[in-house]
Amino acid sequence: MGCGQRSRALKTFVALLLISGAFGVAIAVAYWLIAHEETTGTALLGIMSAALFFAASYAIIAERNANLAGDVPEPQTAEAPEDLGIFTTHSPWPILVALCALGALSGVLWSPFLAVVSLCALLLCLWRLGRESAITPGSEFRGVSRRRDSTSTERGS
Amino acid sequence: MIGWLTSTNHKNIGILYIVTTMTFFVAAGALALLIRSQLAFPGNTFLGPHAFNQAFTLHGTAMIFLVIAPFGIGLANYLVPLQIGAPDMAFPRLNATSFWLFAVGGLTVFGGLLAYGGAAATGWTAYVPLSEIAEGTGAGQDLWIVGLTLVAVSTVLTAINLLVTAVLYRAPGMTMWRMPIFTWEVVATAVLILMAFPPLTAAFAMLLIDRHTGGHFFDPTYGGNPVLYQHLFWFFGHPEVYVMILPFFGVVTEVVATFSHKPVFGYVGMVISAFAIAGLSIGVWAHHMFTTGAVSNPFFSAVSFLIAVPTGVKFVNWIGTMWKGAIELSTAMLFAIGFMLNFLIGGITGVMVASPPLDYGAHDTYFIVQHFHYTIGGGSLFALFAALFFWFPKMFGIRLGEGMGKWSFALLFVGFNATFLPMGFMGLEGMARRVYTYPDVGHLALLNGISTAGSVVMAVGVALFFVNVLVSALLAKPVPDNPWNGYSLEWLTSSPPPEFNFHTLPRIQGKRPAWDVASGAAP
Ligand SMILES: [Cu+2]
């Protein structure tokens, strides 16, 4: 089967996003014609349509290179999901990020000192989280490139 | 303990979400009982006006932001990777971050109770100018804004995570048009969250700037506009209603199909109607503002009426699924049927108040309170219990007691309708919402008495559910991997599933992999 057939499912998603975007534009036009006002409302609808079109274009670009295992309707072999990559199971940083975010926001209101300290701690935690994510072996998503050769016999390397 | 605090596995995070939301549910339910006690009879002074304001503010805020919506997100966290055959969510650390932002945010909102001047007391909508007045809206209001900002950021992060997972992490053979309806509804919800939540965060930021740094976004004496807050809030607020209902539409679809022992009727219609509802719900926000005189009532009325069409499609499909099916009235199925009956009333009253002439009469009365409780309480909450009974065996490897479960359902169904049906009539007699007491006129005393009695019956039903959980945990009767003969992928793995969900994936050749395996059509 060809590549075009494989990415059909993702195209469905792009189409749904585009239809939603077109719908947003239709609503905005109807609103403009009926309400005769250029208010926040029209601006918000404009933002909504712009966001949807942005998402759709992004999906189109992503889809161009996508060769997803999930889009193959007749997979030849059943595979263990571990093949997609090793996923992290524990990390101390998420909970610390949340606490620092609370500290930073509260600090903005009541204590500049707390705000500065929390913000620094927040950045540190985010940096550590990012680093941990980058160095954990196999934690990156290998699905897309991996699936490229999924029809070949090479396996478990 | 540390394991739970640092876990990034989607199943643990899903369970953390569910446990946290159920805890907030108990707190918000207790507040509801306080509200109903105060309103039990006319002229009551059990709660003073300020305590009453805090009670209904925290009740509404918690139920919406900390119970119903995040329960749907938590359930999606648990189920979406299992339903599409993925080992985990796309970004496990981001997922854990979302959960902790939510938990910390929720506790911050409740932390207002400890603040000088009490918790936020301006309703779950926090309308200006009330929420900008310094007196009476002190630190409690600030904590409310800070807490919900964290919750809003958490929700957006989860939406990105769920969307990426559902699109990119499907197992071989799990094409998008084979995904279970629950996963599809979650995809539509995620798109909706990405559209709706940023304006809320913007509104909160503007509110904080006005309150603390001398801004005048919403202050007309300096050229600001209080109606702008309402626009921003409801541009989020109406879609939020669908963020609270779409995942539960998915739950009901799965439960109805499983216990009718039939495939979902009108699969494509289900998917398209989910996106139609999501799309339409972004264009109706000003139906909450008909009486401001500052919006185009005919436009927002017409678009609001339109939403009844895709919602009707869902009802047709559920009934079509049940039609001539071998219906098994399990507890989950009873809750799903209860959902349909209650949500129908919520939908019909919704069409009524979408008409501006009617809304002018119903605005800010108990008619509105009745309407949205039938959608979110009678709808989403019933589906929430359906989901718990349906997937509890998968999550914990044990089954909840069916007998006790049916008693819970009966008490909740009778209690719910006794509590909220009278509210429509209170509204028609002119009883205003958010006022701590009312005069003894018309039938108000009788109607409020029935309503309060109903709320006690509901509380017993909820308490019985927790007893059920406890008893089931103590008995710990093991269940097979697929106790209900469900059709979707999660039923093909063990209960509870292994760390990365599947040791071996079955060959996925259609929408119903578990039934394919059972019938020998797939290995
Ligand atoms: Cu609405």
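The model shown is predicted, which means the values in this text are computed figures rather than measured ones.

The rules behind these values
Residues numbered from 1 in each chain as written. Chains lettered and ligands numbered in written order. Predicted model: local features only at pLDDT ≥ 70, side-chain atom pairs only at ≥ 80, totals over all residues. Heavy atoms only, no water. Helix = DSSP H or I, 4+ residues; strand = E, 2+ residues; numbered from the N terminus. Rg over C-alpha atoms; globule rule 2.2 N^0.38 Å. Buried < 20%, exposed > 50% of the residue type's maximum accessible area, 1.4 Å probe, protein only. Contact = heavy atoms within 4.5 Å. Areas by Shrake-Rupley, 256 points an atom, 1.4 Å probe, with all protein chains shown as cover. Phe/Tyr/Trp six-rings, centres within 6.5 Å; stacked < 30°, edge-to-face > 60°. Salt bridge = Lys/Arg side-chain N within 4 Å of Asp/Glu carboxyl O. Polar contact = N/O pair within 3.5 Å; in protein donor to acceptor, adjacent residues only side chain to side chain. Nonpolar A, V, L, I, M, F, W, Y, C, P; charged D, E, K, R; others polar. Donors = N, O, S within 2.8 Å, 3.2 Å for Na, K, Ca; no water. Core = buried A, V, L, I, M, F, W, Y, C linked by side-chain atoms within 4.5 Å. Axes fitted to C-alpha atoms, helices over the stretch in contact; angles between N-to-C directions. Parallel < 35°, antiparallel > 145°, perpendicular 65-115°, else oblique. Left-handed = near helix turned anticlockwise from the far one by under 90°. Disulfide = S-S within 2.5 Å. pLDDT = per-residue confidence, 0-100. Patch = residues over 30% accessible without salt bridge, like charges linked within 9 Å, V, L, I, M, F, W, Y side chains within 5 Å.

### Side note on the overall build of chain B
No. 1: Counting its regular elements, chain B contains 16 helices and zero strands.
No. 2: Expected size for 523 residues packed as a compact globule is a radius of gyration near 24 Å; at 23 Å, chain B falls within 12% of this value.
No. 3: Each of the three principal axes of chain B carries a C-alpha extent, and together these read 70 × 50 × 50 Å.
No. 4: Across the 523 residues that make up chain B, the buried fraction comes to 65%.
No. 5: Excluding contacts between residues fewer than 6 apart, the proportion of contacts in chain B whose partners are at least 24 apart in sequence is 82%.
No. 6: When the accessible surface of chain B is split by element, carbon and sulfur atoms take 74% of a total near 16800 Å².

### As for the packing of aromatic side chains
Residue and element names in this part refer to chain B.
No. 1: One pass over the structure, following the stated rule, counts 55 aromatic pairs over all chains.
No. 2: With 5.6 Å between their ring centres and 65 degrees between their planes, Phe 52 and Phe 56 make a pair best called edge-to-face. Highlighted residues: Phe 52 and Phe 56, both in helix H3 (residues 49-84), separated by four residues, approximately one helical turn. Here Phe 52 matches Phe 56 in class, with each residue buried.

### Quick word on the pattern of salt bridges
Residue and element names in this part refer to chain B.
No. 1: Going through the model one piece at a time under the given rule, you end up with four salt bridges over all chains.
No. 2: Of the charged contacts in the structure, one is a salt bridge between Arg 211 and Asp 142, with a shortest N-O distance of 2.9 Å. Taken together, the positions of Arg 211 in helix H6 (residues 181-212) and Asp 142 in helix H5 (residues 139-168) put the pair 69 residues apart, joining distant regions of the chain. With respect to class, Arg 211 is no different from Asp 142; both count as buried.

### Examining the environment of Ala 257 of chain B
All names here are of chain B.
No. 1: Along the chain, the position of Ala 257 falls in helix H8 (residues 246-260).
No. 2: In this structure, the C-alpha to C-alpha distance between Ala 257 and Val 271, residues 14 residues apart in sequence, is 15 Å.
No. 3: Among all residues touching Ala 257, those that are not within four sequence positions of it are Lys 262, Val 264, Thr 321 and Tyr 487.

### Brief notes about the interface of chain A and chain B
No. 1: Contacts between chain A and chain B engage 59 residues on the former and 68 residues on the latter.
No. 2: For the pair chain A and chain B, the number of links is one salt bridge.
No. 3: Inspection of the chain A/chain B interface yields six residue pairs in polar contact (both at pLDDT 80 or more).
No. 4: Grouping the amino acids of the side of chain A that touches chain B by side-chain chemistry returns 39 nonpolar, 13 polar and seven charged.

### Focus: the coordination of the copper ion
All names here are of chain B.
No. 1: At the metal site, the copper ion is ligated by His 238 (ND1), His 287 (NE2) and His 288 (NE2), and these contacts range over 1.8 to 2.1 Å.
No. 2: Read in sequence order, the donor residues for the copper ion give the motif H-x48-H-H. Of this pair, His 238 sits in helix H7 (residues 226-243) while His 288 sits in the loop between helix H9 (267-281) and helix H10 (297-322), and the two are 50 residues apart along the sequence.
No. 3: With a relative accessible area of 21%, His 288 lands in the partly exposed category.

### Focus on the nonpolar core
No. 1: Within the largest apolar cluster, 201 residues are counted, with the highest numbers of intra-cluster contacts made by Leu 75 and Phe 339 of chain B.
No. 2: Considering each element in turn, this core owes the most residues, 21 residues, to H3 of chain B.

### Looking at the packing of helix H2 (residues 10-38) of chain B against helix H4 (residues 92-111) of chain B
Residue and element names in this part refer to chain B.
No. 1: Running from N to C, H2 and H4 point in directions that differ by 15 degrees, and their axes come no closer than 10 Å. With respect to H4, the axis of H2 lies roughly parallel. Like other packed secondary-structure pairs, H2 and H4 cross with a definite hand, here left-handed. Across the interface between the two elements, His 10, Ile 13, Leu 16, Tyr 17, Thr 20, Thr 21, Phe 24, Ala 27 and Leu 31 of H2 pack against Pro 92, Asn 95, Ala 96, Ser 98, Phe 99, Trp 100, Phe 102, Ala 103, Gly 106, Leu 107 and Phe 110 of H4.

### What about unusual backbone geometry?
Residues and elements named next belong to chain B.
No. 1: The linkage connecting Val 128 with the following residue, Pro 129, adopts the cis geometry, with an omega of 0 degrees.
No. 2: Here Ser 495 and Pro 496 are connected by a cis peptide whose omega angle stands at -10 degrees.
No. 3: With respect to the helices, strands and loops of the structure, Pro 496 is situated in the loop between helix H15 (444-475) and helix H16 (513-518).
No. 4: Look at Asp 364: it is not a glycine, yet its phi comes out positive at around 60 degrees.
No. 5: Its place among the elements puts Asp 364 in the loop between helix H12 (356-362) and helix H13 (366-396).
No. 6: The class for Asp 364 is partly exposed, based on a relative accessible area of 38%.

### Brief notes about the state of the cysteines
All names here are of chain A.
No. 1: Summed over the entire model, instances satisfying the criterion amount to zero disulfides over all chains.
No. 2: Free cysteine: Cys 100, not disulfide-bonded; nearest cysteine sulfur from Cys 125 at 4.1 Å.
No. 3: With relative accessibility at 14%, the residue Cys 100 sits in the buried group.
No. 4: The closest cysteine sulfur to the non-disulfide-bonded Cys 120 is located on Cys 100, 10 Å from its own sulfur.

### Here we look at the side chain of Asn 468 of chain B
No. 1: When you line up the elements, Asn 468 of chain B lands in helix H15.
No. 2: Apart from the residues lying within four places of it in its own chain, the contact partners of Asn 468 of chain B are Phe 389, Leu 400, Gly 401, Met 404 and Gly 405 of chain B.

### As for the confidence of the model for chain A
Residues and elements named next belong to chain A.
No. 1: Looking at chain A, the pLDDT average stands at 70 and 61% of residues meet or exceed 70.
No. 2: Note that residues 1-6 has pLDDT below 50 and, in this model, nine contacts with residues that lie over four places away or in other chains.
No. 3: Across residues 138-157, where pLDDT falls below 50, the model places 33 contacts with residues more than four positions away in sequence or in other chains.

### Observations concerning the packing of H13 of chain B against helix H14 (residues 402-428) of chain B
Residue and element names in this part refer to chain B.
No. 1: Taken N-terminus to C-terminus, the directions of H13 and H14 make an angle of 170 degrees; their axes are 8 Å apart at the nearest point. By the angle between their axes, H13 is roughly antiparallel relative to H14.
No. 2: Residues of the contact of H13 with H14, tallied by class, amount to 16 nonpolar, eight polar and one charged.

### Things to note about a nonpolar patch on the surface
Residue and element names in this part refer to chain A.
No. 1: There is a patch of nonpolar side chains on the surface, built from Leu 18, Val 25, Val 29, Trp 32, Leu 33, Ile 34, Phe 53 and Ile 60 and spanning about 680 Å² of accessible area.
No. 2: Breaking the nonpolar patch down by element, the ones donating at least two residues are helix H2 (8-35) and helix H3 (40-65).
No. 3: Relative to the helices and strands, Trp 32 is located in helix H2.

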